[in-house]
Amino acid sequence: MSDSRTPPGPSASGAPVLAGVDGSAHGLRALEWALGAARTLGAPLIVAHVRPEALRRGAARTASADADAPLPDPVLDAARAVVEERGPTVPVRYTSLDGPVTDALPAAARSCRLLVTGARGRGGFASLLLGSTSRSLAATAPCPLVVVPHEARTAVPGTEAGAGRILLGLHPEETPDEVVEFAFEAARLRGVPLEAVTVLRLPPVPAALLVAPVPVLQVPAPLPEEDESELMLRETEREQEARLRPFAERWPEVELRPVVAPGDAAGRLVDGSRDAALLVVGRHHRHRFGSLLIGSVAHAVLHHAECPVAVVPPVAEA
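What counts, and where the lines are drawn
Residues numbered from 1 in each chain as written. Predicted model: local features only at pLDDT ≥ 70, side-chain atom pairs only at ≥ 80, totals over all residues. Heavy atoms only, no water. Helix = DSSP H or I, 4+ residues; strand = E, 2+ residues; numbered from the N terminus. Buried < 20%, exposed > 50% of the residue type's maximum accessible area, 1.4 Å probe, protein only. Contact = heavy atoms within 4.5 Å. Areas by Shrake-Rupley, 256 points an atom, 1.4 Å probe, with all protein chains shown as cover. Polar contact = N/O pair within 3.5 Å; in protein donor to acceptor, adjacent residues only side chain to side chain. Core = buried A, V, L, I, M, F, W, Y, C linked by side-chain atoms within 4.5 Å. Pairing = 2+ DSSP bridges.

Participant: What is the right way to look at the overall build of the protein in this model?
Facilitator: Counting its regular elements, the protein contains nine helices and eleven strands. Per-residue burial over the protein gives 48% buried out of 318 residues. Residue pairs at least 24 apart in sequence account for 81% of intrachain contacts in the protein once pairs closer than 6 positions are excluded. A total of about 15900 Å² of accessible surface is found on the protein, and carbon and sulfur atoms cover 56% of it.

Participant: Quick question: what am I supposed to make of the environment of R257 here?
Facilitator: Mapped onto the secondary structure, R257 falls in strand β9 (residues 256-262). C-alpha of R257 to C-alpha of P193: the two residues are 64 residues apart in sequence and 7.1 Å apart in space. Leave out the neighbours within four places in its chain, and R257 touches R165, P193, L194, E195 and A196. Side-chain polar atoms of R257 contact the side chain of E255, separated by 3.0 Å.

Participant: It is not clear to me how the nonpolar core should be interpreted in this structure. Could you clarify?
Facilitator: In a soluble, globular protein the nonpolar side chains are often hidden away together inside. One finds L45 and V280 to be the most contacted residues of the largest nonpolar core, which totals 47 residues. Looking at which element gives the most residues to this core, the answer is helix α1 (residues 25-41), with eight residues. If near-sequence neighbours (up to four positions away) are discounted, V280 is found in contact with I166, L167, L168, G169, V179, F182, A183, A310 and V312. Ranked by size, the runner-up nonpolar core spans 33 residues in total, among them A104, L115, A138 and V311.

Participant: How should helix α4 (residues 101-108) be read in this particular structure?
Facilitator: Since the α-helix packs 3.6 residues into each turn, any two residues three or four apart lie on the same face. Every buried residue of α4 is accounted for by A104, L105 and P106. Residues of α4 that are buried make contact with β2 (17-21), β3 (45-50), β4 (92-97), β5 (114-118) and α5 (132-140).

Participant: Please clarify how the pairing of β4 should be interpreted in this entry.
Facilitator: For a regular strand, side chains alternate in direction, first toward one face of the sheet and then toward the other. In terms of residue burial, β4 counts as a mostly covered element, since five of its six residues are buried. Pairing analysis gives six bridges linking β3 to β4, with the strands arranged parallel. Within β4, the residue paired with V47 across the bridge is Y94.

Participant: Looking at this model, I keep getting lost on the side chain of S273. Mind explaining?
Facilitator: Position of S273 among the secondary structure elements: in the loop between α8 (265-272) and β10 (278-282). Polar side-chain contacts of S273 include one of 2.9 Å to the backbone nitrogen of E306.

These figures capture arrangement, not role.
Laid out in structure tokens, this is it:
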């Protein structure tokens, strides 16, 4: 089942934004974010619902009297009401999909600019921060996936121009170009700063005094050496600057805020997400047996970030 409506206003062009809805409050929250993103991008919006087997059978029985009538989908009807209440300014199409969600949505997203979902759907435990569907899509979506956090997290997602900032988790040697490009373009379109965060773990500080079992045998501290931690930070700053330089030259209008800090990457990004509009991370890695995985940082921020998280796949996997 699908239908299409083009609201008044300038027509959109290019690849669409796909919003996956399931009738939950989390899905409608993601739909509102997707609608704002489509406006910002000037892109069409596709609202998709993957119908469970019971709904498909019930709809088929209801429509059996009229073989030519489309099967009813109350979840899409509710989504349409939300979109129309917001007054869409981009073309919007509604479509019902069949099959497993983790197969149907990636298939529908192959030609899309973004796939947007809620952090958790109708099923599962209310205490979970991330549902199994969103976790699976983060590893398999053929385009950038944006997961919108549910209301249990304090930050309010926003797509309005000038709202918040874009936060990029950057490993100078490992983060693919397409992840950095996505973050710069998101900052340009929204007219907000881009904060590129590189975090490194520093070696433990050696003890100033080695204590022997007997006090009289205490060994004096060695003569102070050059601070290795400071050297590592400065070297990482140089690596980050070199990595970002060509992108900063391509997007000179974007205010770049480079950050290099010691500590835990996931924790630093989650803390920064509290006042960010969007957190961008890359999808790592491919398992040695060929299955797709997401890296530990992406996994952690999907569970705990307080703003929408964009997981960008490498071009080779997209």
